[in-house]
Amino acid sequence: MTDQINRAAGDAGINRVVLAYSGGLDTSVILKWLQQTYNCEVVTFTADLGQGEELEPARAKAEMMGVKPEHIFVDDLREEFVRDYVFPMMRSNALYEGLYLLGTSIARPLIAKRQIEIARMVGADAVSHGATGKGNDQVRFELGYYALSPDIKVIAPWREWDLTSRTRLIEFAEQHQIPVSKDKRGEAPFSTDANMLHTSSEGLVLENPWDEVPDYVYSRTVNPEDAPDVPEYITIDFERGDGVAINGEGMSPATLLSTLNDYGRRHGIGRLDLVENRFVGMKSRGMYETPGGTIYHLAHRGIEQLTLDRGAAHLKDELAPRYAELLYNGFWFSPEREMLQAAIDHSQEKVSGTVRLKLYKGGVYVVGRKSPNSLYSEKVVTFEDDQGAYDQRDAAGFIKLNALRLRLRGRRDQV
């Protein structure tokens, strides 16, 4: 079987592959498997998206496995990730199925983009990833690859090999002198994916949707019950729809999100237990922690309350589920997402100002907002004497015109 694949690889002209590489068990096995099965040179790419792990061991492990030092890429993409992916998404108020802040989904396009850039730099024929054939990530990665490099060859080992269990992976690793950490030798209670925006956990102890998520699964937030008994107040400043400062202190996009993560961790904010519909057709149960993103999302809606016209705000709310579905399904680089983004970005031109929030035991509450571009008129809305700013008699004609079709139908249908 291996010889057949080798011959097929030769026919396909695969000499060099860029692998999305974490340094963990799965992608380390993939690295060796690619070298053996395709008889090709492997280039590794490890993205620092703020996952909170030391990434230099991935470099050392790749070098130990025969990857040339000049073909090991460990890139700090945190600022680009938040500035060019997270913030544009947050402008849309996108929530997949009304709840999920798309923390995994939004990271995949950037990884795919950088993989293709590296493939061009090193003259690679193909790219590879460690996503399984059951999940969404295989779709997200590969739609990104093909959008940016239509003729690129894609190798997805989980759809090809016969290493169908963790036991088989460990056996392969041991046979090829690939180091296996102690925590990988027992059955993993769940799998995780992390970046600066969120941590997701799926599998095994989480697979029964009736069982409560064990507390040890949570890694980004304290239990809300153990959070401080005194609420904390913060402000976030926005300019043209993007956060620029916390408590009056200007910050870069990544620094701002990281700071909000610290607040969210401390107050147990951003936990979500979700049964979702995957793009490939099955339902899955996962646990998501998005501490800073949850605070940011609610703050952004808070400033939009003051600055967006009703028609624009309601249209955005209609577009947001479509935008969220496009991201979830992997269509970041599609023309329809770009069209939606242009409309959303146009809506944000006047979305500037300050939002004050109260953080308390898992909750985020908008308690104040102000903006130089506010459409809120206290003079018009007041219950006190508005001194003619609004003529209440105008409402009678407004109501009658809107009631006309209802009255006509009512007369027709009277018994």
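Residues numbered from 1 in each chain as written. Predicted model: local features only at pLDDT ≥ 70, side-chain atom pairs only at ≥ 80, totals over all residues. Heavy atoms only, no water.

How should the nonpolar core be read in this particular structure?
Nonpolar side chains in soluble globular proteins tend to be buried together. Formed by 71 residues in total, the largest nonpolar core has its most connected members in Val18, Phe81, Leu102, Ile106, Leu260, Ile295 and Leu357. Setting aside residues no more than four positions away along its own chain, leucine 102 makes contact with Met89, Ala94, Tyr96, Ala324, Leu327 and Tyr328. Membership of the second largest hydrophobic core comes to 30 residues, among which are Leu19, Ile30, Ala62 and Ala173. (Core = buried A, V, L, I, M, F, W, Y, C linked by side-chain atoms within 4.5 Å. Buried < 20%, exposed > 50% of the residue type's maximum accessible area, 1.4 Å probe, protein only. Contact = heavy atoms within 4.5 Å.)

Looking at this model, I keep getting lost on the confidence of the model for the chain. Mind explaining?
Segments scoring low in pLDDT should not have their predicted coordinates read at a detailed level. In the predicted model, the chain carries a mean pLDDT of 93, and 95% of its residues have values of at least 70. Throughout residues 1–11 the model reports pLDDT below 50, and contacts reaching past four residues in sequence, or to other chains, amount to nine contacts. (pLDDT = per-residue confidence, 0-100.)

Can you help me understand the side chain of threonine 27 in this one?
Mapped onto the fold, threonine 27 is located in helix α2 (residues 25–37). Within the structure, threonine 27 has its side chain in polar contact with the backbone nitrogen of glycine 23 (distance 3.4 Å). Other than its neighbours up to four places away in sequence, threonine 27 contacts Leu19, Ala20, Tyr21 and Ser22. (Helix = DSSP H or I, 4+ residues; strand = E, 2+ residues; numbered from the N terminus. Polar contact = N/O pair within 3.5 Å; in protein donor to acceptor, adjacent residues only side chain to side chain.)

In this structure, what is going on with the pattern of salt bridges? I would like to understand it.
Inspection of every chain in the model, using the stated rule, returns 28 salt bridges. For lysine 113, the salt bridge goes to glutamate 117, with nearest N and O atoms at 3.1 Å. Of this pair, lysine 113 and glutamate 117 are both found in helix α5 (residues 108–122), four residues apart, which corresponds to roughly one turn of the helix. Overall, lysine 113 belongs to the partly exposed group, its relative accessible area being 21%. (Salt bridge = Lys/Arg side-chain N within 4 Å of Asp/Glu carboxyl O.)

What am I meant to see in the packing of helix α8 (residues 253–266) against helix α9 (residues 291–307) here?
Two numbers describe how α8 lies on α9: the axes approach to 6 Å, and their chain directions differ by 105 degrees. Overall, the two elements α8 and α9 adopt an arrangement that is roughly perpendicular. On α9, the residues touching Leu256, Leu257, Leu260, Asn261, Tyr263, Gly264 and Arg265 of α8 are Pro291, Gly292, Gly293, Ile295 and Tyr296. (Axes fitted to C-alpha atoms, helices over the stretch in contact; angles between N-to-C directions. Parallel < 35°, antiparallel > 145°, perpendicular 65-115°, else oblique.)

Looking at this model, I keep getting lost on the pairing of strand β12 (residues 283–289). Mind explaining?
Taken residue by residue, a regular strand's side chains alternate between the two faces of the sheet. Within β12, six of the seven residues are buried, which leaves it mostly tucked inside the rest of the structure. In this structure, strand β11 (residues 271–277) lies alongside β12, joined through seven bridges in antiparallel fashion. Paired with aspartate 273 across the two strands is methionine 287, which belongs to β12. (Pairing = 2+ DSSP bridges.)

Any chance you could explain the sheet that holds strand β2 (residues 41–48) here in plain terms?
One key point about sheets: their strands pair by backbone hydrogen bonds, in either a parallel or an antiparallel sense. Taking strand neighbours across the sheet as the criterion, the five strands line up as β3-β2-β1-β4-β5 in an open arrangement whose pairing is parallel. This sheet does not close on itself; its edge strands, each paired only once, are β3 (72–76) and β5 (153–155). On average, adjacent strands in this sheet sit at an angle of 25 degrees to one another, irrespective of strand direction. In terms of strand pairing, strand β1 (residues 16–20) meets β2 through five bridges, oriented parallel. From the neighbouring strand, arginine 16 faces β2, where its bridge partner is glutamate 41. Contacts from helix α3 (residues 56–64) reach β2 and β3 within the one sheet, and its direction differs from that of β3 by about 170 degrees.

Is there a simple way to think about the environment of isoleucine 399 in this case?
Among the secondary structure elements, isoleucine 399 is positioned in helix α13 (residues 394–413). Taking the C-alpha atoms as reference points, isoleucine 399 and valine 217, 182 residues apart in sequence, are found 54 Å from one another.

It is not clear to me how unusual backbone geometry should be interpreted in this structure. Could you clarify?
For residues besides glycine, phi is generally negative; the peptide bonds are generally trans as well. Despite not being glycine, asparagine 93 shows a phi value in the positive range, around 60 degrees. Within the fold, asparagine 93 resides in the loop between α4 (78–91) and α5. Judged by its relative accessible area of 4%, asparagine 93 falls in the buried class. Non-glycine residue glutamine 177 carries a positive phi angle of around 55 degrees. Position of glutamine 177 among the secondary structure elements: in the loop between α7 (166–175) and β6 (191–194). Judged by relative accessible area, which is 63%, glutamine 177 ranks as exposed.

Could you clarify how one ought to interpret the pairing of strand β8 (residues 232–239) in this entry?
Strand direction decides the pairing type here: β8 and strand β13 (residues 353–360), joined by seven bridges, are antiparallel. Paired with threonine 235 across the strands is arginine 356, a residue of β13. Both β8 and strand β9 (residues 242–246) contribute to a ladder of four bridges, which runs antiparallel. Opposite glutamate 239, over in β9, you have aspartate 242 as the bridge partner. Connecting the antiparallel pair β8 and β9 is a turn made up of two residues, with arginine 240 showing a positive phi of about 50 degrees.

Would you mind showing me how to read the packing of aromatic side chains here?
In this description, a pair of aromatic rings is defined by centroid distance and the angle of the planes. Summed over all chains, the structure comprises eleven aromatic pairs. Ring geometry for phenylalanine 87 and tyrosine 296: centres 5.0 Å apart, planes at 15 degrees, overall stacked. With phenylalanine 87 in helix α4 and tyrosine 296 in helix α9, the pair connects residues that are 209 residues apart, well separated along the chain. Each member of the pair phenylalanine 87 and tyrosine 296 is classed as buried. One aromatic cluster in this structure is built from Trp33, Tyr38, Trp158 and Trp161. A cation sits over an aromatic face here: arginine 140 above tyrosine 328, 4.8 Å from the ring centre. Residue placement shows arginine 337 over the ring face of tryptophan 332; its charged tip is 3.6 Å from the ring centre. (Phe/Tyr/Trp six-rings, centres within 6.5 Å; stacked < 30°, edge-to-face > 60°. Lys NZ or Arg CZ within 6 Å of the ring centre and 35° of its normal.)

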